[in-house]
Each structure stands twice: as structure tokens, then as C-alpha cells.
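Per-entry structural report
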Amino acid sequence: MGQLLLFIVVALVVATIVFGVTVLLSGSDPGLTPVEPDGRAVPLPGDRPLGEEDISRTRFDTVWRGYRMAQVDQALQRAAYDIGYKGELIGVLEAEVAALRAGRTDEADALRRAREAALAPAAAVPPAPEPVVIPMEPSADDSATNGDSAGGSSASGPSAGGPSAKEQEPVEKR
């Protein structure tokens, strides 16, 4: 048994040495050569829902060890989002059909309006109004208590001896 194991180990070592010498002498193994991106990438569309033909048309740039990971990750993320969106839409449509079959037309109308509102373009939604900023100015009563009449500083605030921000009354919008 020991002689058989020794024979197998010697045979493997000899075979490895013969293979190494053959490759060195022939030079026929160029190894992996770097491949520049071919620039023929075709990304998934971002302006509309995905279709079957979009997935089959998608191409990625090839690099040294396969495809560009960032392009593949982006395409998978976009496809996952679109599949999730369509799954939710199917769920809403099924709930709407079930409500109609059960005779609950009010519920079906509410689901239809919600679905149509979700499908409306984002441009139809008016932008949120900007908040109104009212500057806090000291009133005439505050300047008299600051010591301005005695030649003090005109700045108000806790460090200038004036009322703190909590004590100041908000200025009304004119």
C-alpha cells in the first residue's frame, strides 16, 4: 500500500515538471491578456417601464474578468425596481377586480383613483411651497432696555445684554 502511494506521488511530480517545461519551451500559453472595454454597452431605459425586449437588448462592456460590475449592478437594480413596481400594480388591479366582483363599487372607485394618481406623471404634481422666513428684528422697546440710550452696543442678544431668543416676541409679517 505504501509503495502504491509513493508511485502516485512520484508520477504526479514528474507529470507537473514535464508540463511546466513544455509550456516554458513552447510559449503557447499567453495567459490572460487585459481586454479594454468595447464601448458597445446598451443600458436599460430609465424613462419608461421595462419590456421583454429591453432585457434581451441590454449589453455590458467587457473587461478583464467579465463584465463591468457597476453596469451589471445598475441593470439588476433597475430590473428589480421595475418588477417590484409591476407586482404592486398587479396587486392593486386584483384588489380592484375583487371589489367590483363583490359589488363594492365605492372601494373599487377609490382603488382606481389611487392607481391613476400613481400613474400620473410627476410634472402634474405642483411643487411644494417654500417656507416663509420672517427675520427677527429688535423692536423700539427692546433697544431702550438694551442700554442704547446710554451709548451701549446696538446689537441685541444674550451676549449684548438684550433679551434672549426665547424672550423675544416674533415680528409680525407686514
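What follows concerns the overall build of the chain. Along its length, the chain carries 5 helices and 2 strands. Taken from the N to the C terminus, the helices and strands of the chain come in the order α-α-β-β-α-α-α. Considering the chain as a whole, with its 174 residues, one finds that 10% of them fall into the buried category. The contacts in the chain between residues at least 6 apart in sequence include a share of 44% that link residues at least 24 apart. Summed over its atoms, the accessible surface of the chain is roughly 14,400 Å², and 62% of this surface lies on carbon and sulfur atoms.

Now for the confidence of the model for the chain. For the chain, per-residue confidence averages 74 on the pLDDT scale, and residues scoring 70 or more make up 63% of the total. The lowest-confidence element of the chain is helix H5 (residues 140–146), averaging 54 in pLDDT; the highest-confidence one is helix H3 (residues 69–101), averaging 89. The model gives residues 148–160 a pLDDT under 50, and that stretch makes 13 contacts with residues more than four places away or in other chains.

The next subject is a nonpolar patch on the surface. Together, Leu5, Val9, Val13, Ile17, Val21 and Leu25 make up a nonpolar patch on the protein surface, roughly 590 Å² of accessible area in all. Within the fold, Leu5 resides in helix H1 (residues 2–26). For Leu5, a relative accessible area of 56% corresponds to the exposed category.

Further remarks concern the side chain of Thr58. For Thr58, the location among the structural elements is in the loop between helix H2 (52–57) and strand S1 (62–63). At a separation of 2.7 Å, a polar atom in the side chain of Thr58 contacts the main-chain carbonyl oxygen of Asp54. The residues touching Thr58, leaving out its near neighbours within four places in the chain, are Val42 and Leu44.

It is worth spelling out H1 at this point. Between the first and last C-alpha of H1 there are 36 Å, a value that for 25 residues agrees with the 36 Å anticipated at 1.5 Å per step. Backbone geometry just after H1 places Gly27 at a positive phi near 65°.

Among the structural elements, Arg68 can be located in the loop between strand S2 (66–67) and H3. Under the relative-accessibility criterion, Arg68 is labelled partly exposed at 35%. Through-space distance from the C-alpha of Arg68 to that of Ala41 is 9.7 Å; in sequence the pair is 27 residues apart.

Its place among the elements puts Leu89 in helix H3. Accessibility expressed as a relative area gives 25% for Leu89, which makes it partly exposed. Once the C-alpha coordinates of Leu89 and Ala118 are considered, the two residues, 29 residues apart in sequence, prove to be 9.5 Å apart.

Following both chains from N to C, one finds H3 and helix H4 (residues 105–119) inclined at 155°, their axes separated by 8 Å at the closest point. Put simply, H3 runs roughly antiparallel to H4. Read as a crossing pair, H3 and H4 show a hand that is left-handed. On the side of H3, the interface is formed by Tyr85, Leu89, Val92, Leu93, Ala95, Glu96, Ala99 and Leu100, while H4 contributes Glu107, Ala108, Leu111, Arg112, Arg115, Ala118 and Leu119. Partitioning the contact of H3 with H4 into residue classes produces 11 nonpolar, no polar and 4 charged.

In total, this model carries 8 salt bridges according to the counting rule given. Among the ionic pairs, Asp54 bridges to Arg57, the shortest N-O distance being 3.3 Å. In this pair, Asp54 and Arg57 both sit in helix H2, 3 residues apart, roughly one turn of the helix. Note on Asp54: relative accessible area 3%, which makes it buried. Arg57 gets classed as partly exposed once you look at its relative accessible area, which sits at 46%. Here Glu96 ties to Arg115 by a salt bridge, and the two come within 3.1 Å at their closest N and O atoms.

Parameters and conventions
Residues numbered from 1 in each chain as written. Predicted model: local features only at pLDDT ≥ 70, side-chain atom pairs only at ≥ 80, totals over all residues. Heavy atoms only, no water. Helix = DSSP H or I, 4+ residues; strand = E, 2+ residues; numbered from the N terminus. Buried < 20%, exposed > 50% of the residue type's maximum accessible area, 1.4 Å probe, protein only. Contact = heavy atoms within 4.5 Å. Areas by Shrake-Rupley, 256 points an atom, 1.4 Å probe, with all protein chains shown as cover. pLDDT = per-residue confidence, 0-100. Patch = residues over 30% accessible without salt bridge, like charges linked within 9 Å, V, L, I, M, F, W, Y side chains within 5 Å. Salt bridge = Lys/Arg side-chain N within 4 Å of Asp/Glu carboxyl O. Polar contact = N/O pair within 3.5 Å; in protein donor to acceptor, adjacent residues only side chain to side chain. Expected span 1.5 Å × (residues − 1). Axes fitted to C-alpha atoms, helices over the stretch in contact; angles between N-to-C directions. Parallel < 35°, antiparallel > 145°, perpendicular 65-115°, else oblique. Left-handed = near helix turned anticlockwise from the far one by under 90°. Nonpolar A, V, L, I, M, F, W, Y, C, P; charged D, E, K, R; others polar.

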